[in-house]
Amino acid sequence: MKILFTSLLAVSCIANAQDAPADNMAAPQPQEQMDHRNMDHDRKSMSAMDKGDHDTGMTGMFGSYPMTREASGTSWQPDSTPMEGIHAMRGDWMTMAHGYVNAVYDHQGGPRGDHQAFAESMLMGMAQRPLGGGTLGLRAMISLDPTIGKAGYPLLFQTGETADGRQPLINRQHPHELFMELAASYSYAIGKDSSVFVYGGLPGEPALGPTAYMHRASGMDNPEAPLTHHWLDSTHITFGVLTAGYVWRNVKLEASAFNGREPDQFRWNIETRKLDSASARLSWNPTPAWSLQVSHGRLDNPELLEPDVSVKRTTASASYEHAFGSSTSQTTLAWGRNRKDTGPSTNGFLLESALHVTAKTTVFGRFEKVDNDELFQEDAPLHGQVFNVRKLSVGVVQDLFSAGKVKFGAGALVSKHWAPSALDSVYGSNPSSYMIFFRAKLAMR
Ligand SMILES: [Cu+2]
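Residues numbered from 1 in each chain as written. Predicted model: local features only at pLDDT ≥ 70, side-chain atom pairs only at ≥ 80, totals over all residues. Heavy atoms only, no water.

Draft legend 1. Structural detail: the overall build of the chain. Along its length, the chain carries five helices and 19 strands. Out of the 445 residues belonging to the chain, those deemed buried represent 56%. Within the chain, contacts between residues at least 6 apart in sequence are counted, and of these 63% link residues at least 24 apart. Carbon and sulfur atoms provide 61% of the accessible area of the chain, an area that totals close to 17500 Å². (Helix = DSSP H or I, 4+ residues; strand = E, 2+ residues; numbered from the N terminus. Buried < 20%, exposed > 50% of the residue type's maximum accessible area, 1.4 Å probe, protein only. Contact = heavy atoms within 4.5 Å. Areas by Shrake-Rupley, 256 points an atom, 1.4 Å probe, with all protein chains shown as cover.)

Draft legend 2. Spotlight on the packing of aromatic side chains. Considering all chains together, one arrives at nine aromatic pairs under this definition. A ring pair is formed by Tyr-65 and Trp-76, whose centres lie 5.1 Å apart and whose planes are at 75 degrees; its orientation type is edge-to-face. Of this pair, Tyr-65 sits in the loop between helix 3 (40–50) and strand 1 (86–90) while Trp-76 is found in the loop between helix 3 and strand 1, placing the two residues 11 residues apart along the sequence. We note that Tyr-65, like Trp-76, is buried. Feature note: the residues Phe-62, Phe-197 and Tyr-199 constitute an aromatic cluster, connected by ring pairs. The cationic tip of Arg-69 hangs over the ring face of Trp-76; the distance from NZ or CZ to the ring centre is 4.6 Å. The ring of Phe-376 has Arg-112 sitting right over it, with the charged end atom 4.8 Å from the ring centre. (Phe/Tyr/Trp six-rings, centres within 6.5 Å; stacked < 30°, edge-to-face > 60°. Lys NZ or Arg CZ within 6 Å of the ring centre and 35° of its normal.)

Draft legend 3. Geometry of the environment of Met-83. Looking at where Met-83 falls in the secondary structure, it is placed in the loop between helix 3 and strand 1. Considered as a pair, Met-83 and Met-67 are 16 residues apart in the sequence and their alpha carbons are 9.2 Å apart.

Draft legend 4. Structural context of the environment of Ser-72. Mapped onto the elements of the fold, Ser-72 is located in the loop between helix 3 and strand 1. The buried category is assigned to Ser-72, whose relative accessible area is 2%. Separated by 140 residues in sequence, Ser-72 and Ala-212 have C-alpha atoms that sit 6.2 Å apart. Apart from residues no more than four positions distant in its own chain, Ser-72 is found in contact with Arg-139, Glu-205, Thr-211, Ala-212 and His-215. Side-chain polar atoms of Ser-72 contact the side chain of Glu-205, separated by 2.9 Å. Here the side chain of Ser-72 touches Ala-212 through a polar contact of 3.0 Å, landing on its backbone nitrogen. (Polar contact = N/O pair within 3.5 Å; in protein donor to acceptor, adjacent residues only side chain to side chain.)

Draft legend 5. Expanded view of the coordination of the copper ion. Distances from the copper ion to its protein donors, His-176 (NE2), His-229 (NE2) and His-236 (NE2), fall at 2.0 to 2.1 Å. Read N to C, the donor residues that coordinate the copper ion are spaced as H-x52-H-x6-H. Pair noted here: His-176 is in the loop between strand 6 (168–173) and strand 7 (179–189) and His-229 is in helix 4 (residues 229–232), with a separation of 53 residues, a long-range link. Overall, the relative accessible area of 0% leaves His-229 in the buried class. (Donors = N, O, S within 2.8 Å, 3.2 Å for Na, K, Ca; no water.)

Draft legend 6. Structural detail: the pairing of strand 18 (residues 406–418). Looking at chain direction, strand 17 (residues 387–403) and strand 18 are connected through 13 bridges and run antiparallel. Pairing of Ser-402 across the sheet is with Lys-407, part of strand 18. Counting the residues between successive antiparallel strands, the hairpin from strand 17 to strand 18 contains two residues, one of them, Gly-404, with a positive phi of roughly 60 degrees. Bridge count for strand 18 against strand 19 (residues 432–442) is 11 bridges, and the pairing is antiparallel. Residue pairing for strand 19: Lys-416 is matched across the bridge by Ser-432. (Pairing = 2+ DSSP bridges.)

Draft legend 7. A look at the pairing of strand 7. The pairing of strand 4 (residues 134–142) with strand 7 spans eight bridges and is antiparallel. Considered in strand 7, the bridge of Leu-136 is made with Tyr-186. Both strand 7 and strand 8 (residues 194–201) contribute to a ladder of seven bridges, which runs antiparallel. Its bridge partner lying in strand 8, Ala-183 is registered against Gly-201. Joining the antiparallel neighbours strand 7 and strand 8 is a turn of four residues.

In C-alpha cells form, the structure reads like this:
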C-alpha cells in the first residue's frame, strides 16, 4: 500500500510538472542523426533547424554542440542518443523534464537472498538561457527513494554505503537521496569551436566515470543498480562539487574539486563537508554515434565506516548508439578500478545494452564482472577477501498505454550470478534472481 501510494504521489508530481507543448525542441543535428528517431516531433524540429538553432539556445549547457550530447552532471553521451522527456521554451528559457517511477517486486535467490516490494523514482528538471553572452544552466533532480527504507532493496553481491552508520550494506542496494542534484552552470564561448564552463552542485556529479546508470540510454530501462556502481559512477550524488571545463569541438577536458565522502544513511537531508577530493576527465565524441571518456579521481575517505581509507578511482568507458531499421540501441562498455590506500586494488567491468525494438518495446541486458572485497562483515572469517563475481541480467519492458505526458508500462528481468565455489555454502551455487516492475515515465508523446 505504501508503495502504491508513493508511486501515485510521484506520478502525479511528474504529470503536473510540465504540460507545455514540446514543439520547440530541436537540437542542431545533421539529418542522418535524426533519421532513426522516427518521431513527428523531429519533423517539426527540422523546420526549426533550418532557421538556425544556435539562436534559439538549442545547444548544450556547456558548449556549442547538440544538446542531446549532455547527460548526467557534466558527462557526455553519444550525440545521436534519442531525446527523452519533455521539452519546452518559455521566453528565453529552454526547459526539460525527465522522470520515472518504477514499482518493483524484487526476488533475490539463494540463502543470502531476500525479497521486497519497493518504488524507485527520479524527477529531473533542467533549464538554460542565454546570459551575458554565455549560457546559464540550472539542474534539479529529486527522488523518493528514501521511502524504500534505510537499508534499500535486496541485490545479491551488491555492497556500498550503510543503513545505520555502523554496518555496511551487503547484498543490498542503498537508497538514493531525496536531493540527487541541485546545480548551476555557466558556459562561455571563447572561439568559434571552443568554450569554457563552470559547474557547481550541492549535490552534484563530479567529472568522474561514465554517465550515471539511470541516465545512460544503455542502462536506464533496467530498474536494478549495477554491481559496478561503486567502481564507475557512485559519485553521481556528491554533496559538494565544483567543476571547471574546456570544450573544443568534440573534446572536453574538465576537473573537479569535491567532497569525497559518500552520502550517509540520512537520505532526506543535504550534507556539507569540505571539498577534499579531486578528479579529471577527458571526453571525446569522435562521431555522433560514439562517446568515449577516461577519468581519474582521488576520493578522500569515501566510506563512512572506513574513515581512514582513501581510494584512487580510474575509469574508462565507451558508449555506442546504433540504429537497426526503425529500432535503436545503445551499448556501453566500461571499466573501473578502485585502488585503496590499504588493501587490494579491485576492478569492475560492465557491458550493457538496450535495444528499443519498437517505440513501445525495449529489451535490455547487462553483464558485469567485479572483484569485491566487501562481501562479509568485519567479524566474519572471509572478511576482506576478494571474490570475483559475475552477473548477467536480461529483461524486457513494454509500454502499455499513455495518459497525458506519462506512459505506463510493465517489465521483468532475470539475473544469474557466478561466484567462486568458496562462496557456495554462503550464497548457494550460482544463485538466480528476478524483478517484476511497473513503470510510469514522462514522455514526449
Ligand atoms: Cu547511486
